[in-house]
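# Structural overview
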Amino acid sequence: MSPATLAVSAGRPARSQGAPVNAPLVLSSTFVSQGVPEPGEPLYGRMDATTWHPFEEALGTLEGSAHPALVYSSGMSAIAAALSLVPPGGRLVLPRHSYQVTLGYARDLAERLGVDVALVDIDDTAAVAAALASPRPASMLWVETPTNPMLEVADLPALVEAAHAVGALVGVDNTFATPLVQRPLEHGADVVVHSVTKYLAGHTDVVLGAALADDAALHARLHAYRTLHGSIAGPFEVWLALRGLRTLALRVERAQASAAELARRLSTHPGVAEVRHPSLPTDPGHERAARLMTGFGSIIGLRPHGGPDAADGVVAALQLWVPATSLGGVESMLERRRRFATESLTVPEDLLRLSVGIEDVEDLWRDLDRALRSV
Ligand SMILES: *Cc1c(COP(=O)(O)O)cnc(C)c1O
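Keep in mind that what you see is a predicted model, and the values were worked out from it rather than measured.

This paragraph deals with the site of the ligand. The full set close to the ligand counts 14 residues, and Met76, Asp173, Ser195, Thr197 and Lys198 are the nearest of them. Ser195 places a polar side-chain atom, nitrogen or oxygen, 2.8 Å from an oxygen atom of the ligand. A distance of 2.7 Å separates an oxygen atom of the ligand from a polar atom in the side chain of Thr197. Taking 380 Å² as the accessible area of the ligand by itself, protein coverage stands at 91%. The leading source of residues in the shell around the ligand is helix H3 (residues 75–83), at 3 residues.

Next comes the structure, spelled out in structure tokens:
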């Protein structure tokens, strides 16, 4: 069945007369148990919680994984679990424009565990392959594609091949694309993570993460990390995320269509110096995205004329778009990324990251057009 159908149908309770259509929300920290527990028996809320299962099953199915997903308290805790697969003193290759906090975590691994961290331009396949091989073979390649916030598109199958050739694991942060647009496990990635906070939950009311692996031993290590660190999700967050996941296909389709239309209009707007969206035929990531992804996503990079002050002016002048630091929700949001002192210095100071939501595209355009003309 198509992913759009699976997003609706996976993880439902078994059909029997009188059964609920939706999985119940169970609020219980422990479960009745005596004697030697059977494998898989609910025992204690840090080890397992029945309310996690329907979401984990649905996301596992959507990513085409051999196992259910594993939920974590946040995207970052899922990323920490995945990066724990890099041994002390190992080598980690990751995109220069990775999610900012992932970069912070890599720096922490370097300081605490002597991990040798190499930053690369993830769209430069030859440079990534070189960094994987020397000065010594990498333990892990981390991939974001498209990157946050620069929207570089990686040649994922080529990178997986290069990483595996040197014995490195491949971890992919699939938050931007969602499994509707790109399924990294099918390209041979070893671990996939999500900030479920973003598109999967989709309503800006939950902080949640997830990790997936096909290999049983890797899956067991990710599971053990969660239990040992207690980086677990609350049942209500997971229940809300499953509710959000049911409409993922509609939301992603609408947001992608609007993003492509807005990018097209912005590319000829007099107030715009540069617009980045992989849907644009002139975009450096266009050819690869068209070949490797089933859509172009709904994040736009925008540099207005007039520098960072003008960019701040655009944010302040908008009435419908929400100024906030998240993405993937039903409401359109934007921010100037370099307002954070921690953002990579290779991200232009005037770059606005736009996350296109599901409002009427003409309303979004009128608001943007007016704000761009006002500065
Ligand atoms: C938000 C985000 C994260 C972090 O997820 P949290 O749920 O906020 O911990 C990781 N990667 C990407 C690409 C993100 O956008």
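This part is about helix H7 (residues 216–229). A turn of α-helix holds 3.6 residues, and therefore any two residues three or four places apart point the same way. Over its 14 residues, H7 extends 20 Å from the first C-alpha to the last, a length consistent with the 20 Å expected when each residue adds 1.5 Å. By the burial criterion, the buried members of H7 are Leu218, His219, Leu222, Tyr225, Arg226 and Thr227. Where H7 begins, the capping side chain belongs to Asp215, and its oxygen is found 3.2 Å from the backbone nitrogen of Ala217.

All right, on to the sheet that holds strand S1 (residues 70–72) then. Reading across the sheet, the 7 strands line up as S1-S7-S6-S5-S4-S2-S3 and stay open at both edges, with mixed pairing between neighbours. For this open sheet the edge positions go to S1 and strand S3 (116–120), each flanked by a neighbour on one side alone. Averaged over neighbouring strand pairs, the angle between their axes works out to 20° when direction is ignored. In this sheet, strand S5 (residues 169–173) lies alongside strand S4 (residues 140–144) in parallel orientation, the contact comprising 5 bridges. Looking across to S5, one finds that Leu141 is bridged to Val170.

As enumerated under the stated definition, the model contains 3 cavities of 30 Å³ or more in all. Looking at the largest cavity, its volume works out to about 60 Å³. Here the lining of the largest cavity is composed, by residue class, of 9 nonpolar, 3 polar and no charged. Both domains that meet at the lining of the largest cavity, namely domain 1 (3–245) and domain 2 (248–374), each give it at least three residues. The volume enclosed by the second largest cavity comes to roughly 40 Å³. Grouping the amino acids of the lining of the second largest cavity by side-chain chemistry returns 6 nonpolar, 3 polar and 1 charged.

The subject of this paragraph is the sheet that holds strand S11 (residues 333–336). Across the sheet, 5 strands lie side by side as S8-S9-S12-S11-S10; this open sheet has mixed pairing. Both outer strands of the open sheet, strand S8 (272–276) and strand S10 (322–323), are each paired with one neighbouring strand and no more. As judged from the 2 bridges shared by S10 and S11, these two strands associate in the parallel manner. Following the sheet pairing, Val322 is matched in S11 by Met333. The strands touched by helix H9 (residues 248–266) are S8 and strand S9 (299–304); relative to S9, the strand with the most contacts, the crossing angle is about 20°.

Domains assigned within the protein are domain 1 (3–245) and domain 2 (248–374). Taking only C-alpha atoms, the centre of domain 1 and the centre of domain 2 are 26 Å apart. Each partner contributes to the interface: domain 1 provides 33 residues, whereas domain 2 provides 37 residues. Of the roughly 3100 Å² buried where domain 1 meets domain 2, counting both sides, 59% is carbon and sulfur surface. By the criterion of area lost to domain 2, the three top residues of domain 1 are Gln100, Leu151 and Tyr199, representing 23% of everything that side buries. Summed over the shared surface of domain 1 and domain 2, the result is 1 salt bridge. With its nearest N and O atoms 3.6 Å apart, the salt bridge here joins Asp155 to Arg291. At the boundary of domain 1 with domain 2, the tally comes to 16 residue pairs in polar contact (both at pLDDT 80 or more). Listed by contribution, the elements that provide at least two residues to the side of domain 1 that touches domain 2 are helix H4 (100–113), helix H6 (156–165) and helix H8 (235–245).

A cluster of nonpolar side chains, Leu25, Leu27 and Phe236, forms an exposed patch at the surface whose accessible area comes to about 300 Å². Judged by relative accessible area, Phe236 falls into the partly exposed class, the value being 42%.

Another aspect to go through is the pattern of salt bridges. Inspection of the entire model under this criterion finds 22 salt bridges. The partner of Arg183 in a salt bridge is Glu186, and the shortest N-O contact between them spans 3.3 Å. Salt-bridge contacts for Glu335 lead to Arg337; the nearest nitrogen and oxygen are separated by 2.5 Å. Judged on exposure class, the residue Glu335 and its partner Arg337 are both buried. The structure contains a network of salt bridges with shared partners spanning Glu335, Arg337, Arg339, Glu343 and Arg353.

The rules behind these values
- Each chain has its residues counted from 1, following the order in which its sequence is written.
- In keeping with the model being predicted, local features are shown solely for residues with a pLDDT of at least 70 and side-chain atom pairs are shown and tallied solely at 80 or more, while totals for entire chains, interfaces and linings include all residues.
- Hydrogens and water molecules were not included; the side-chain quantities draw on all heavy atoms of the structure.
- A molecule or strand has a residue near it when one of that residue's heavy atoms lies within 4 Å.
- Throughout this description, a polar contact denotes any pair of N or O atoms lying within 3.5 Å of each other; where both atoms belong to protein, one of them has to be capable of donating a hydrogen while the other can accept it, and for residues adjacent in sequence the pair is counted only when both atoms sit in side chains.
- Areas reported as accessible are Shrake-Rupley estimates using a 1.4 Å probe. Residue values count occlusion only from the protein chains shown.
- Helix and strand definitions follow DSSP, with helices as H or I runs of at least four residues and strands as E runs of at least two, each counted in order from the N terminus.
- The span you would expect from a helix comes to 1.5 Å times its residue count less one.
- Note on exposure labels: buried denotes an accessible area under 20% of the residue type's maximum, exposed denotes more than 50%, and partly exposed covers the range between, all computed with a 1.4 Å probe on protein chains only.
- A pair of strands is treated as paired once DSSP finds two or more bridges between them.
- Axis lines are fitted through C-alpha atoms, for helices just across the contact stretch, and the angle between N-to-C directions can take any value from 0 to 180 degrees.
- The way it works is a 1 Å grid over only the protein atoms, where trapped points that fit a 1.4 Å probe form a cavity and open points with protein on both sides within 12 Å along at least five of seven lines form a pocket, and then any residue with an atom within 4 Å of a point lines it.
- Grid points are joined across faces, edges and corners, and a volume is the space filled by probe spheres set on the points.
- Polar here means any residue other than Ala, Val, Leu, Ile, Met, Phe, Trp, Tyr, Cys and Pro, which are nonpolar, and Asp, Glu, Lys and Arg, which are charged; Gly is therefore polar.
- Where a domain begins and ends is set by an automatic assignment or by a domain database.
- The contact definition used throughout considers only heavy atoms, calling two residues in contact when any of these lie within 4.5 Å.
- Computed with a 1.4 Å rolling probe, the buried area is the accessible surface lost when two parts are put together, summed over both parts.
- Think of a salt bridge as a Lys or Arg side-chain nitrogen and an Asp or Glu carboxyl oxygen that are within 4 Å of each other.
- Residues with no salt bridge and a relative accessible area higher than 30% make up the patches, which join like charges within 9 Å and nonpolar side chains (Val, Leu, Ile, Met, Phe, Trp, Tyr) within 5 Å.

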